[in-house]
Amino acid sequence: MSASGGTKAIVAALSANLAIAVAKFVAFLFSGSSSMLAESVHSVADSGNQGLLLLGGKRAKRQATPEHPFGYGRERYIYAFLVSIVLFSVGGMFAIYEGYEKIKHPHEIEAWYWPVGVLVFAIIAEGYSFRTAIAESNQTRGKLSWTEFIRRAKAPELPVVLLEDFGALVGLVLALGGVGLALGTGNGVWDGIGTLCIGVLLIAIAIVLAAETKSLLLGESAGVEDVEKIKASVVDGDTVTRIIHMRTLHLGPEELLVAAKIAVRHDESAAEIADAINAAEARIRAAVPIARVIYLEPDIYNERAAAAGTNPGKSPDAPATPDEPATPDVPAASDVPDASATPDAPGTSEAPGGTGTGSGTAPGGTGTAPGGTGTGGGTAPGAGASSETGASSPSPAASDASAPRDDSGH
């Protein structure tokens, strides 16, 4: 809905309600009909409601401030919610009270031509206002039914005016019926029953308006058509390959926030990614002009993380964890060289039964042992390097091979 279209419907409704309110009060003063009094208060409340809608539209145009960096677009939702409260209390509850009093203390209607004439005039004026609201709504309603339009509309003004005018027309018919039955039967109770019906109708409309504007106040996403347009605009098939997840939020009827994590190619430079993001933002604004605030976060798409449900776009109930980058292949254990297999160093000694290589240095000297020859200063078999200082200690085999001993074995 355009702002101008909503304003036109509001002004038409305000003009009609002010004229009708004056006429109804005059008819009440001359006839004493409780239905006319209830309808008079109803028209005054409607006039105040249109004033609230115009005030909300004006305040919503204020520039953003540091305290409200996203602007004041939701002012229109707040004032529409106030309209529902006024319609419930001043309109509906007052009509029910008047109807109850009229049923409890009925009296004959005097000067019947006043209420009948005013009601006919009011039906014509409300019909004009209702026709204007329908014409303005049809410009944005598209193929939606009236129920779907009221439930899905992001701008509250037209649904409010539509429901108010519809309720006013039905209420006028009820008031005319109550007055007619009271005149025909001579029983003023019928006038009170008509007033009660008007009150119940206004309360029902107020509850519907309150529920819809409450949803807008809490924050609604973009419509289905706008979401599809945004998705089609983001991906270019070159640098931006897909949307990992996306969120939209109406900051106001004509202000949309778009936040998305997009997949880019891993070999793109930072400058190329920045250019791709700027181009995607331009495409989004061209497709959906109300997308005023856009945040795009580049990332590398990870199929394993998405399949596990860590993608908040696929699984809203799952914890929102960052997408994991692809992990490099880890070589198998058999492919890693054995750290213990070091090349033979000079000065190795042969031990009985085989040859061993160690990193420890045996004490100087030369000794001869049965079954093998040890060379002083060589590396003893099986000696291990120290992890403290890098120095080595002689192994028992090295000590036995290098230490001189006598024939007794000592």
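Only a predicted model underlies this, so the values are computations on that prediction, with no experimental measurement involved.

A. Looking closely at helix 7 (residues 189-218). For helix 7, with 30 residues, the first-to-last C-alpha span of 44 Å sits near the 44 Å given by 1.5 Å per residue. Count one or two residues on from helix 7 and you reach Gly219, which has phi positive near 110°.

B. Broad picture of the side chain of Lys154. The residue Lys154 is located in the loop between helix 5 (146-152) and helix 6 (157-185) in this model. From its side chain, Lys154 meets the backbone oxygen of Ser221 in a polar contact 3.2 Å long.

C. View of the nonpolar core. Membership of the largest hydrophobic core comes to 40 residues, with the highest contact counts inside it found for Leu53 and Val161. Sorting the residues of this core by element identifies helix 1 (3-31), helix 2 (34-59), helix 3 (75-104), helix 4 (113-141), helix 5, helix 6 and helix 7 as the ones contributing at least two each. For this core, the element with the highest residue contribution is helix 6, accounting for 10 residues. Setting aside anything within four residues of it in sequence, one finds Leu53 in contact with Ile10, Ala80, Val83, Glu157, Val160 and Val161. Judged by nonpolar contacts, the second largest core, of 20 residues, contains Val240, Ile284, Val288 and Leu296.

D. Region of interest: the pairing of strand 1 (residues 240-252). Two elements, strand 1 and strand 2 (residues 255-264), share 10 bridges in a ladder whose sense is antiparallel. When the sheet's bridge partners are listed, Gly252 is paired in strand 2 with Glu255. Counting the residues that bridge the hairpin from strand 1 to strand 2 gives 2 residues.

E. Up close: a negative patch on the surface. Together, Asp236, Asp238, Asp267, Glu272 and Asp275 make up a negatively charged patch on the protein surface. Among the secondary structure elements, Asp275 is positioned in helix 9 (residues 270-287). Residue classification places Asp275 among the exposed positions, given a relative accessible area of 53%.

F. Structural detail: the packing of helix 6 against helix 7. In the contact formed by helix 6 and helix 7, the axes pass within 7 Å of each other and the chain directions differ by 170°. Taken together, the axes of helix 6 and helix 7 lie roughly antiparallel to each other. Taken together, the residues of the contact of helix 6 with helix 7 break down into 16 nonpolar, 5 polar and 1 charged.

G. Broad picture of the packing of aromatic side chains. Taken as a whole, this structure holds 4 aromatic pairs when the rule is applied. When the centroid spacing of 4.6 Å and the interplanar angle of 10° are considered together, the rings of Phe30 and Trp114 count as stacked. One end of the pair, Phe30, is in helix 1; the other, Trp114, is in helix 4, and 84 residues separate them in sequence. The exposure class assigned to Phe30 is partly exposed, which follows from its relative accessible area of 46%. The aromatic ring of Tyr72 is capped on one face by Arg62, whose charged end is 3.8 Å from the ring centroid.

H. Summary view of the confidence of the model for the protein chain. Looking at the protein chain, pLDDT values average 76 and 73% of them are 70 or higher. For the stretch residues 311-410, pLDDT sits under 50, and the model shows 93 contacts to residues farther than four places along the chain or on other chains.

I. Quick peek at the sheet that holds strand 2. Ordered by their spatial adjacency, 3 strands build an open sheet running 1-2-3, and the pairing between neighbours is mixed. What marks the edges here is a single partner per strand, and that holds for strand 1 and strand 3 (291-299). Strand-to-strand twist across the sheet, computed as the mean angle between neighbouring axes with direction ignored, equals 15°. Sheet analysis places strand 2 next to strand 3, joined by 8 bridges and oriented parallel. Its bridge partner lying in strand 3, Leu257 is registered against Val293. Together, strand 1, strand 2 and strand 3 form the strand contacts of helix 9, whose direction differs from that of strand 3 by roughly 150°.

J. Just the pattern of salt bridges, in detail. If you walk through the whole model with that rule in mind, you get 8 salt bridges. A salt bridge links Lys261 to Asp299; its shortest N-O distance comes to 3.5 Å. Of the two residues, Lys261 is situated in strand 2 and Asp299 in strand 3; the sequence distance between them amounts to 38 residues. Lys261 gets classed as buried once you look at its relative accessible area, which sits at 8%. With relative accessibility at 17%, the residue Asp299 sits in the buried group. The structure contains a network of salt bridges with shared partners spanning Arg59, Arg62 and Glu75.

Parameters at a glance
Residues numbered from 1 in each chain as written. Predicted model: local features only at pLDDT ≥ 70, side-chain atom pairs only at ≥ 80, totals over all residues. Heavy atoms only, no water. Helix = DSSP H or I, 4+ residues; strand = E, 2+ residues; numbered from the N terminus. Expected span 1.5 Å × (residues − 1). Polar contact = N/O pair within 3.5 Å; in protein donor to acceptor, adjacent residues only side chain to side chain. Core = buried A, V, L, I, M, F, W, Y, C linked by side-chain atoms within 4.5 Å. Buried < 20%, exposed > 50% of the residue type's maximum accessible area, 1.4 Å probe, protein only. Contact = heavy atoms within 4.5 Å. Pairing = 2+ DSSP bridges. Patch = residues over 30% accessible without salt bridge, like charges linked within 9 Å, V, L, I, M, F, W, Y side chains within 5 Å. Areas by Shrake-Rupley, 256 points an atom, 1.4 Å probe, with all protein chains shown as cover. Salt bridge = Lys/Arg side-chain N within 4 Å of Asp/Glu carboxyl O. Lys, Arg positive; Asp, Glu negative; His and termini not counted. Charge placed at Lys NZ, Arg CZ, Asp CG, Glu CD. Axes fitted to C-alpha atoms, helices over the stretch in contact; angles between N-to-C directions. Parallel < 35°, antiparallel > 145°, perpendicular 65-115°, else oblique. Nonpolar A, V, L, I, M, F, W, Y, C, P; charged D, E, K, R; others polar. Phe/Tyr/Trp six-rings, centres within 6.5 Å; stacked < 30°, edge-to-face > 60°. Lys NZ or Arg CZ within 6 Å of the ring centre and 35° of its normal. pLDDT = per-residue confidence, 0-100.

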